[in-house]
Amino acid sequence: MTHTARRRRWSLPFALTAGLWACNPQTSTGPTSAGGGAPDEVAKLPPAEPLPALRTGTRAVVAGKQLAGKVAATGVDATHEYLELVLPLSSEESSLDFDRTHVELTGGVAGDIAVVATGMGGVESRVLVRRKLGGGDEVAGALFGERWSDGKREWVRVPFTAGERKAAPADKELQRRWVDAFSEQFGDRWRTQHPWYQFAAGRVRALLPGGLKGGMAGLDGGLVRPERRTDLSLLMDTTTGVMSMQEALQHDRGLRLDRGDEQRTIAVSELVLPALDAHPFAAMQAKLPDPGAGAPEPLAAAVPAEFWYARVDDIRLLLRLLDEADTWITPIVQVLQQNPEDRHLADRYQAQLGLRRTELAKLFGHTVVGQVAIVGSDPYLREGSDITILFSVKQQAIFDQEMAGHLAAYGRDLPGLTTTTRDYQGVQIQESRDPSGKVRQQRAQVKELAIVSNSPRATERVLDALGGRTPRLADEADLRYMLARDPGAHQAFAFLSDKFIAGVIGPQQKVQAARRQQALAELLTPGYAALLHGWLFGQAPASTEALVKSGLLASEELKHADGAAIEFTPGGPARSSWGQVSALTPLIDLPAVTQVSEAEKLAYENFVRGYQQYWKQFIDPVAIRLDVKDEAGGSAAEVDVRILPLISATDYSDIEAIVGGTRVQVGPHDRGLLAVWAVGKDARLRGDLDGIMRAATGKSDIGIGWLGDWVLVGLEDRAALVEMLAKFDDKVQLAPEKFAGGEFNDVDLWRKVGKFPVYAAAEVKNPAMLVATLTAIRAMLGEVAPGMIEWGEVSKHRDLSIVRVGMSKTAPLLPNREIADAVALHYVQTGTAVVLALDVATLQSAVDRLLDGKLPTSGPEGSSQFVLQGSSQPGAPLWTALLWTIQGQANGAQAGARRSAEVLLRGDPALVVAGQADAGRADAQQLAARGLDYFGFAPVTTQGGSGFTLDASGAGDPVLGTTIAPVFVPLPIADSPVERLMLRLTGLRGEVAFDKEPDPAGPNARSLHTRFTLRLGAAP
């Protein structure tokens, strides 16, 4: 948690709720706020509307005219020859943006690399080739270029011939030019965002002036010493993207910049934690209606105060949550973060703990264990963290027997798994570990409490808490307050304490995490070098010694900057005391930081300044409550999150000041999406809007003084949603036809806009003032745009006038008179509300809801200030539009996965399945394993596997094709994560409020309270 998190965290509940939806009107849309209306009713569905079909098929690669060029220069080393091709371009080819790193070479083999060295718009294309000796005299192939054509992007395959190479002159500088071109193109972060590319670009360049010759033998492999440019401040930012940090580190690693750290002579005690005050929780608790309320958390007595804490009442619920994560939560996070990669976190941690999840429910049912808690000391679960599980054991003999069975099962797969015992403060700790470190179970027993951990030090810290030798979470004032603040028993409860957050931002953890990121870059280096060997020589190195001899890896790089040895064998992970790429050693198990360098001190001070600027002066504890209820055909998960308290100086209070203190209650919504905001009488939003409208019009009688306590925006579940999306979308379907006469002149487009089923409504507290405002606006438009706007009643609905505001057919500059009929704004005044929509049918439906008593109403303290809810059903317009949108995001994210897959497949050609029928297809299991060993993750296809393909244009998805020749298929894609998500998540209701805290917290203290209910369909 850093200043970046603080700056943006207020938006998290909104982002979560806005990104989720409902898909089944037969299930309820979730509980209302207190007094929030009647139970859900089954909606009467409107007649099914035909939806536009997806434009499926392959975006064909256009065949270009053949280019006739020449081999302008040649060069040679012990294993490869270098060719410079000059290909004259006509005006048609010069408009192509050629793919710089993908060139098809006739007769090319693994290890041949051609790079386009010239940009777009020239009169010739210069291609630099490095290929194995004996490639033949005739040089030919094809380039791939992209261009705009009739408003659409298309790829063109341009074949070329360059004649014979033997007539070309030898050029001693050609090898250097190839290196320059390779480094420039592979190091281009705009085109090739991946740390390996940065490493490869730097490493090939670093081999000069010796160059790629003589099998690279004879290089001293030493490290050069330009000034390091990696910013340690970025490494201390918890929210900084790991990929971007590693790109910077691997740039330096590739260039063999000196890794030697500055002298660490400054005591870590000189690094001062941000000045953060503690809340008066005891005084706050005393002011609660019932200070002694709240269900106790008995397992918190075994948890160090600085650990995070998550408890479930029944292990079956824990396993169920893990299954949900596998099914759709993790995939949707990958889509939203644009990183389709699988780090196998669940498999990693269950192996480290010596547990097998598939057997836990059967073996550790509620009759064997009671409550279960999972705790840890840091938030770095992806990189490697300590995980400790606390079991409240009911039947010890069965528990012990089954734990032994889990270990035995791992022992059959992992040779060398051994168990030893040590004493800690009178408690026996049993350690089971295999040589690879895959299993690293720590186990202890204190009375009925069983402790299972992947960390020796975390186990000892839990025992210290149990023994009273260290502060315990159960005794912390913030936890006691949070339990009393929202009393009630819940199936699951999670808590981030003040002390946990202080530990995350403290110098010990920040410096250690930064050092571990640098160590990760060092662990990545051998695998990166092995992959570069495959790219340059067409095969993986036979051994570590062969890799060092090639010059791509220096012997000094088989140890860390601190001197710790790195063990590496090609085809496996690099390992050291810092862990391995896919599972770093938990911070708590690394030696404590006692002294730091001047650079580390300055970096931490920079972090502190940013943290204090954005997080102000208080730490925010966080409490999360979860309950899951089974229902007919599915289940409902109710999640309650409170972040507390928020002082007036923070961004949270800025939000609360904008919306004011008014609360709103919203009944269930039958179909579509609905968002409702409370607009308080004291809201700054009122004054701002009044000021803007009066300043813009110069009229004092135009404003929003008529506005009541709420506004809403809705989206009807109608076919027009998909029709509009289909008009523009080219992420999940073939690009649309060019707009007739341009977008602005396209009448069909304007008709779709006019039918778009969005509507808005607002409470009216002063109808007369609203009428006066509308009259003033109409008069103003008549003055500034005479004859351009038509404003008047066009029909009635339920005895209410429907007023149309639209362009006049006689308006000047209107490109097509039919546009005036195609789109307009319509509104209705119901007396208590004003409703606006583009489409009359949408307007009528919204008016019906309001007249039938489904208006939002003002609510008491504790109800919500923002509510989002909705429903649809599989195959309906809203469901279909969301499916297209989510799948479009997933398709876009595949670019990163393909880059990772190509690095692996070209770096280890043996990963490509042999045989004519399977040509170009990867061995998915081996590719995933290599990805975990060399990258720390496995790239995943749109279906969630690793069965990528490879051809001259790059890696591809077996379903969606390649970047150059994408395939568009019917949706949803069978067995894909997106399909599982769309079929699993069937309902949503989200509510957000800023609640006042007791006076001792400060007169303006507020907490952020988010509640949402997820409706889940039947599990697959």
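Residues numbered from 1 in each chain as written. Predicted model: local features only at pLDDT ≥ 70, side-chain atom pairs only at ≥ 80, totals over all residues. Heavy atoms only, no water.

What about the overall build of the chain?
Rule in force here: Secondary structure elements follow DSSP: runs of H or I no shorter than four residues count as helices, runs of E no shorter than two count as strands, and numbering proceeds from the N terminus. The classification of residues rests on relative accessible area computed with a 1.4 Å probe and restricted to protein chains. Under 20% of the type maximum is buried, over 50% is exposed, and intermediate values are partly exposed. Any pair of residues with heavy atoms lying within 4.5 Å of one another is described as a contacting pair. What sets the accessible areas is the Shrake-Rupley method with a 1.4 Å probe; for residues, cover comes only from the shown protein chains.
Summing up its helical and strand segments, the chain has 28 helices and 43 strands in all. Residue burial in the chain is summarised as follows: out of 1020 residues, 54% are buried. By sequence separation, contacts in the chain at least 24 residues apart represent 73% of the contacts at least 6 residues apart. About 41,500 Å² of surface is accessible on the chain, with carbon and sulfur atoms providing 55% of the total.

Some thoughts on the pattern of salt bridges
Filter applied, for reference: What makes a salt bridge here is a side-chain nitrogen of Lys or Arg within 4 Å of a carboxyl oxygen of Asp or Glu, nothing more.
Inspection of every chain in the model, using the stated rule, returns 61 salt bridges. Across the pair Glu81 and Arg165 runs a salt bridge whose closest N-O atoms are separated by 2.7 Å. You can see Glu81 sitting in strand E5 (residues 80-88) and its partner Arg165 sitting in the loop between strand E10 (152-164) and helix H4 (174-186), a full 84 residues away along the chain. The buried category is assigned to Glu81, whose relative accessible area is 4%. According to the relative accessible area criterion, Arg165 is partly exposed, its value standing at 22%. A salt bridge links Glu164 to Lys166; its shortest N-O distance comes to 3.4 Å. Among the charged side chains, a network of salt bridges with common partners joins Arg485, Asp486, Arg625, Arg642, Arg663, Glu861, Asp995 and Glu997.

Some words on the pairing of strand E6 (residues 97-105)
So the rule is basically this: Think of it this way: DSSP has to see at least two bridges between two strands before they count as a pair.
For E6, the buried fraction is high: 7 of the 9 residues fall into the buried class. Of the strand pairs in this sheet, E6 and strand E9 (residues 138-149) are connected by 5 bridges, and their pairing is antiparallel. Within E9, the position partnered with Phe98 by the bridge is Gly145.

A short note on empty space enclosed by the protein
In plain terms, the rule: The rule is simple: put a 1 Å grid over the protein atoms alone, call a set of points where a 1.4 Å probe fits but cannot get out a cavity, call an open set with protein on both sides within 12 Å along at least five of seven lines a pocket, and count a residue as lining if it has an atom within 4 Å of a point. Grid points are joined across faces, edges and corners, and a volume is the space filled by probe spheres set on the points. All residues other than Ala, Val, Leu, Ile, Met, Phe, Trp, Tyr, Cys, Pro, Asp, Glu, Lys and Arg, Gly among them, are scored as polar; the first ten of these are nonpolar and the last four charged.
Under the counting rule described, the total for this entry stands at 2 cavities of 30 Å³ or more. Of the volumes computed, that of the largest cavity is approximately 40 Å³. Val732, Gln887, Asn891, Leu960, Val967, Phe968, Val969, Leu971 and Ile973 are the residues that line the largest cavity. When contributions to the lining of the largest cavity are tallied by element, the ones reaching two or more residues are helix H26 (877-907) and strand E41 (967-968). Here the lining of the largest cavity is composed, by residue class, of 7 nonpolar, 2 polar and no charged. Its volume calculated, the second largest cavity comes out at about 30 Å³. If you go around the second largest cavity, the residues you meet are Thr101, His102, Phe186, Tyr197, Trp535, Glu902 and Arg906. Of all the secondary-structure elements, those providing two or more residues to the lining of the second largest cavity are E6 and H26.

Describing the packing of aromatic side chains
The criterion, for reference: Think of it this way: a Phe, Tyr or Trp ring, Trp meaning its six-membered ring, pairs with another when their centres are within 6.5 Å, and the plane angle makes it stacked under 30 degrees, edge-to-face over 60, tilted otherwise.
On inspection of all chains with the given rule, the structure shows 18 aromatic pairs. Taking 5.3 Å as the distance between ring centres and 80° as the angle between the ring planes, the aromatic pair formed by Trp196 and Tyr197 counts as edge-to-face. By relative accessible area, which is 0% here, Trp196 ends up buried. Relative to Phe937, the ring of Phe935 lies with its centre 5.6 Å away and its plane at 35°, an arrangement referred to as tilted. Phe935 sits in the buried class, given a relative accessible area of 6%.

Things to note about the layout of surface pockets
Computed from the structure, the second largest pocket encloses a volume of approximately 780 Å³. Lining the second largest pocket are 27 residues, with Asp347, Arg348, Ala351, Lys438 and Leu932 sitting closest to its centre. If you list the elements that add at least two residues to the lining of the second largest pocket, you get helix H10 (345-352), helix H11 (357-363), helix H12 (396-413) and helix H27 (924-934). Its residues assigned to classes, the lining of the second largest pocket shows 7 nonpolar, 10 polar and 10 charged.

Looking at the sheet that holds strand E8 (residues 124-132)
Rule in force here: Interaxial angle, 0 to 180 degrees, is taken between N-to-C directions of lines fitted to C-alpha atoms, where a helix line uses only the stretch in contact.
Read from one edge to the other, the open sheet built from 4 strands follows the order E4-E5-E8-E7, with strand pairing classed as antiparallel. Only two strands of the sheet have a single neighbouring strand rather than two, namely strand E4 (70-76) and strand E7 (113-116). Between one strand axis and the next, the sheet turns by 15° as a mean value, whatever way the strands run. In this sheet, E8 lies alongside E5 in antiparallel orientation, the contact comprising 9 bridges. Its bridge partner lying in E8, Val86 is registered against Arg126. In the packing of helix H16 (residues 507-537) onto the sheet, the strands contacted are E5, E7 and E8, and the crossing angle to E8 comes to about 105°.

A few points about the confidence of the model for the chain
What counts here: The quantity known as pLDDT measures the predictor's confidence residue by residue, on a range of 0 to 100.
Taken over all residues, the pLDDT of the chain has a mean of 85, while the share at 70 or more is 85%. The model gives residues 1-44 a pLDDT under 50, and that stretch makes 132 contacts with residues more than four places away or in other chains. The low-confidence segment residues 213-230 (pLDDT under 50) makes 43 contacts with residues lying over four places distant or belonging to another chain.

Quick notes on the nonpolar core
The criterion, for reference: What makes a nonpolar core is a set of buried Ala, Val, Leu, Ile, Met, Phe, Trp, Tyr and Cys residues whose side-chain atoms join them at distances within 4.5 Å.
Residues Val372, Ile389, Phe391, Phe399 and Trp884 are the most contacted members of the largest nonpolar core, which totals 79 residues. Ignoring any residue separated from it by four or fewer positions in sequence, one finds Trp884 in contact with Pro52, Leu54, Val722, Leu725, Ala726, Val732, Gln733 and Leu971.

A few points about helix H13 (residues 456-466)
For the record, the criterion: Any pair of nitrogen or oxygen atoms within 3.5 Å is treated as a polar contact; in protein, a donor-acceptor pairing is required on top of that, and neighbouring residues in sequence qualify only through side-chain atoms on both sides.
Counting buried residues along H13, 8 of its 11 residues qualify, which places the element largely inside the surrounding structure. Taken as a whole, H13 has its buried residues at Ala458, Thr459, Glu460, Arg461, Val462, Leu463, Asp464 and Ala465. Tucked inside the fold, the buried residues of H13 contact strand E15 (388-393), strand E16 (418-424), strand E17 (427-433), strand E18 (440-446) and strand E19 (449-453). Between the side-chain oxygen at the start of H13 and the backbone nitrogen of Arg457 there is a gap of 3.4 Å, and the oxygen is on Ser455. Positive phi appears at Gly468, one or two residues downstream of H13, with a value of about 75°.

Side note on the environment of Gly705
On the secondary structure map, Gly705 appears in the loop between helix H20 (684-697) and strand E29 (707-715). On a C-alpha basis, the gap between Gly705 and Gly687 in space is 9.2 Å, while along the polypeptide they are 18 residues apart. Those residues in contact with Gly705 that lie beyond four places of it in its chain are Asp690, Lys765 and Met769.

Section: the pairing of E16
As paired strands, E16 and E17 are joined by 7 bridges and run antiparallel to one another. The residue of E17 that forms the bridge with Thr420 is Glu431. Linkage of E16 to E17, two consecutive antiparallel strands, is achieved through a turn of 2 residues, within which Gln425 is found at a positive phi near 50°.

Regarding unusual backbone geometry
Along the chain, Leu971 connects to Pro972 via a cis peptide bond; the corresponding omega equals -5°. Along the polypeptide, Pro972 turns up in the loop between E41 and helix H28 (977-984). A positive phi is found at Lys447, a non-glycine position, where the angle reads about 55°. By secondary structure assignment, the location of Lys447 is in the loop between E18 and E19. Unlike most non-glycine residues, Arg798 shows phi in positive territory, near 55°. Note that Arg798 resides in the loop between strand E31 (789-797) and strand E32 (800-807). Since its relative accessible area comes to 42%, Arg798 is described here as partly exposed.

Some points on the sheet that holds strand E23 (residues 583-584)
Read from one edge to the other, the open sheet built from 3 strands follows the order E21-E22-E23, with strand pairing classed as antiparallel. The strands lining the two open edges of the sheet, one partner per strand, are strand E21 (575-576) and E23.

Thoughts on the side chain of His80
As for its placement among the helices and strands, His80 is situated in strand E5. Discounting residues that sit within four places of it in the chain, His80 has contacts with Gly111, Arg130, Arg131, Lys132, Leu133, Leu536 and Phe537.

Considerations on the side chain of Glu723
Considering the arrangement of structural elements, one finds Glu723 in helix H21 (residues 720-728). Residue class for Glu723 comes out buried when judged on its relative accessible area of 19%. For Glu723, the residues in contact, after removing those within four places along its chain, are Pro52, Lys752 and Lys755.

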